[in-house]
Amino acid sequence: MLTRDSVDLTAASPDPAEIEKDGYVVERVSGGVLLLEKRADLAKINVEITNACNLNCITCIRNSWPDETGRMPIELFRDLIAQLRRFPKLSKFTFGGFGEPLSHPDFLEMAALAKGAGCTTEMTTNGVLLDAKMAGEVARLVDTVVVSVDALEKDRYAGMRRGGDLAPVLENTARVIREKLHLGIRKPQVGVEFVAMKSNLDQLPGFVDLLRSGVATFLVVTNLLPYTEDMKDEILYDTYPARPGKILNLYDFWPETSGRPPYEGVPQASRWWSAVLPEMQLRTRRYCRFVADYSATVAWDGKVSPCSPLMHSYSCYIFGRRKEMSRRVFGDLRESSLFDIWTSEDYMRFRSLVGRFEFPSCPDCQFADGCAMTLGNEIDCWGNSPSCADCLWARDIIRCL
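Read on for a plain summary of the structure.

Criteria and cut-off values
- Residues numbered from 1 in each chain as written.
- Predicted model: local features only at pLDDT ≥ 70, side-chain atom pairs only at ≥ 80, totals over all residues.
- Heavy atoms only, no water.
- 1 Å grid on protein atoms, 1.4 Å probe; cavity = no way out; pocket = protein on both sides within 12 Å on 5 of 7 lines; lining within 4 Å.
- Points joined across faces, edges and corners; volume = space filled by probe spheres on them.
- Nonpolar A, V, L, I, M, F, W, Y, C, P; charged D, E, K, R; others polar.
- Axes fitted to C-alpha atoms, helices over the stretch in contact; angles between N-to-C directions.
- Helix = DSSP H or I, 4+ residues; strand = E, 2+ residues; numbered from the N terminus.
- Parallel < 35°, antiparallel > 145°, perpendicular 65-115°, else oblique.
- Contact = heavy atoms within 4.5 Å.
- Pairing = 2+ DSSP bridges.
- Core = buried A, V, L, I, M, F, W, Y, C linked by side-chain atoms within 4.5 Å.
- Buried < 20%, exposed > 50% of the residue type's maximum accessible area, 1.4 Å probe, protein only.
- Left-handed = near helix turned anticlockwise from the far one by under 90°.
- Phe/Tyr/Trp six-rings, centres within 6.5 Å; stacked < 30°, edge-to-face > 60°.

1. Notes on the layout of surface pockets
Working step 1: As a volume, the second largest pocket reaches approximately 320 Å³.
Working step 2: Partitioned by chemical class, the residues of the lining of the second largest pocket number six nonpolar, two polar and six charged.

Next up, the structure:
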């Protein structure tokens, strides 16, 4: 049996056929080769059961993509769950992507199946559909619930959500906490997510008050990735015109005392809340959490991508530069097993490359504005395809669950 120790890594050209037949993929790198072992080490899976949504937010990717809208058939979801037994390290199942999971008619069955597979379950929702019945089921089946709320004033919220109603969303969020207490269970952990931009930054202190009122236990703050031209000047990161020469510190906007009373039936939790904040400027270090967490993303149509940013085709603006992002798919669950996709040569080599992050850095390149390669993600100046050279997730400027 061929082992890592039996392969001479100093040899000029080890025979790839000999190695690959024993469960390895050979990747040639500068100065030698890497042996990538085909292992069932998938640890986290993010499943977009639908890319449809019941809201129409100004910050949404749907404003810039050509993709059709659909939802995952329950039969395909059941087959996916059955395949998860092949991955002994899989521990986390996230209902995510770019749709509202609660709008899927089979969501509760899907959540029960994911929970039954032994996974910790997570979801991101806009909270509109968390009525009394749904909140009770979600409290029972989902371990972490994150509700997206980008403003705490009724009119501001309605403007960003294009007609959404804030009050029921906050009540629904508190309702999940009350259901958890009623059931006497430790989970779910309930959090809120806030997309920070120039036009809503003044709302941030209210979110700290919201946490202290007990309606949620944690806050995730992410920066805006503009998908439309009219949003490109809303970004806060790297520069902040109101504070010349100073990088924005989000803590500067947090109150020291709370004026919001506890929600009815929810104990005040001022000592127990926490917050996750993004970076506000480019850092030298780049790090892909999707690859580091051994995660994969499955779209509603069964196609497997390495991360949320590569899940769909869309346009976006990176520091004002328009960029056309092309979807990257490594397999289709309707045609191949998840194990075969995960251990395919192309997918393994891509994960290895991203793990080393051997990409140029487009955002701080002096030639970026005049470089044709920055117009898309198909290829970069180092020959990588697809390219992650412009990824703001890798800089922790954009955060997600």
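2. Section: the packing of helix H2 (residues 74-83) against helix H3 (residues 107-116)
Packed helix pairs are specified by the crossing angle of their axes together with the interaxial distance, meaning the distance between the axes.
Working step 1: The contact between H2 and H3 brings their axes to 10 Å, and the two run at 5°. Comparing the axis directions of H2 and H3 gives the class roughly parallel. Here Ile74, Phe77, Arg78 and Ile81 of H2 lie close against H3, whose contacting residues are Glu109, Met110, Leu113 and Ala114.
Working step 2: When its residues are assigned to classes, the contact of H2 with H3 shows six nonpolar, no polar and two charged.

3. So, the pairing of strand E1 (residues 24-29)
Working step 1: Across six bridges, E1 lies against strand E2 (residues 32-37) in antiparallel orientation. Looking across to E2, one finds that valine 26 is bridged to leucine 35.
Working step 2: Linking E1 to E2, which pair antiparallel, is a turn of two residues; within it glycine 31 sits at a positive phi near 90°.

4. A short note on the nonpolar core
Working step 1: Within the largest apolar cluster, 115 residues are counted, with the highest numbers of intra-cluster contacts made by Ile45, Phe77, Phe93, Phe95 and Phe107.
Working step 2: If you tally residues by element for this core, the top one is helix H6 (residues 166-183), at six residues.

5. Some remarks on empty space enclosed by the protein
Working step 1: Taken as a whole, this structure holds two cavities of 30 Å³ or more when the rule is applied.
Working step 2: In this structure, the largest cavity spans a volume of roughly 240 Å³.
Working step 3: If you tally residues by element for the lining of the largest cavity, the top one is strand E12 (residues 314-318), at three residues.
Working step 4: Across the lining of the largest cavity, the residue classes break down as 20 nonpolar, one polar and two charged.

6. Quick word on the sheet that holds strand E8 (residues 218-223)
Working step 1: Taken in spatial order, the 10 strands line up as E9-E8-E7-E6-E5-E4-E3-E10-E11-E14 in an open sheet, and their pairing is mixed. Among the strands making up the open sheet, the edge pair consists of strand E9 (274-276) and strand E14 (331-332).
Working step 2: As paired strands, strand E5 (residues 120-125) and strand E6 (residues 144-148) are joined by four bridges and run parallel to one another. Across the sheet, residue threonine 125 finds its bridge partner in E6, namely valine 147.

7. Some thoughts on the environment of leucine 282
Working step 1: Secondary-structure assignment places leucine 282 in the loop between E9 and helix H8 (289-292).
Working step 2: Sequence-wise, leucine 282 and isoleucine 397 are 115 residues apart; in three dimensions their C-alpha atoms are separated by 7.8 Å.
Working step 3: Look past the residues within four positions of leucine 282 in its chain and what remains in contact with it is Asp238, Phe319, Pro363, Asp364, Arg395 and Ile397.

8. Quick word on the packing of H3 against helix H4 (residues 132-141)
Working step 1: In contact at an axis separation of 10 Å, H3 and H4 are set at 15° when each is read in the N-to-C sense. Considering the angle they form, H3 stands roughly parallel to H4. Crossing of H3 over H4 shows left-handed handedness. In contact with Phe107, Leu108, Ala111, Ala112 and Lys115 of H3, H4 contributes Met134, Glu137, Val138, Arg140 and Leu141.
Working step 2: Looking at the contact of H3 with H4 residue by residue, the class counts come to seven nonpolar, no polar and three charged.

9. Observations regarding the packing of aromatic side chains
Working step 1: For the structure on display, the rule yields 12 aromatic pairs.
Working step 2: Ring centres of phenylalanine 77 and phenylalanine 93 lie 5.8 Å apart, and the angle between their planes is 70°; on these two criteria the pair is classed as edge-to-face. In this pair, phenylalanine 77 sits in helix H2 while phenylalanine 93 sits in strand E4 (residues 92-95), placing the two residues 16 residues apart along the sequence.
Working step 3: The interplanar angle of 65° and the centroid separation of 5.1 Å between the aromatic rings of phenylalanine 357 and phenylalanine 359 together place this pair among those described as edge-to-face.

10. Regarding unusual backbone geometry
Working step 1: The residue after lysine 187, namely proline 188, is reached through a cis peptide bond having omega 15°.
Working step 2: Tracing the backbone shows proline 188 in the loop between H6 and strand E7 (189-196).
Working step 3: Residue proline 386 follows serine 385 across a cis peptide bond; omega there is 0°.
Working step 4: Examined against the element boundaries, proline 386 turns out to sit in the segment after helix H10 (345-356).
Working step 5: Phi is positive for aspartate 396, which is not a glycine, with a value near 65°.
Working step 6: Judged by its relative accessible area of 13%, aspartate 396 falls in the buried class.

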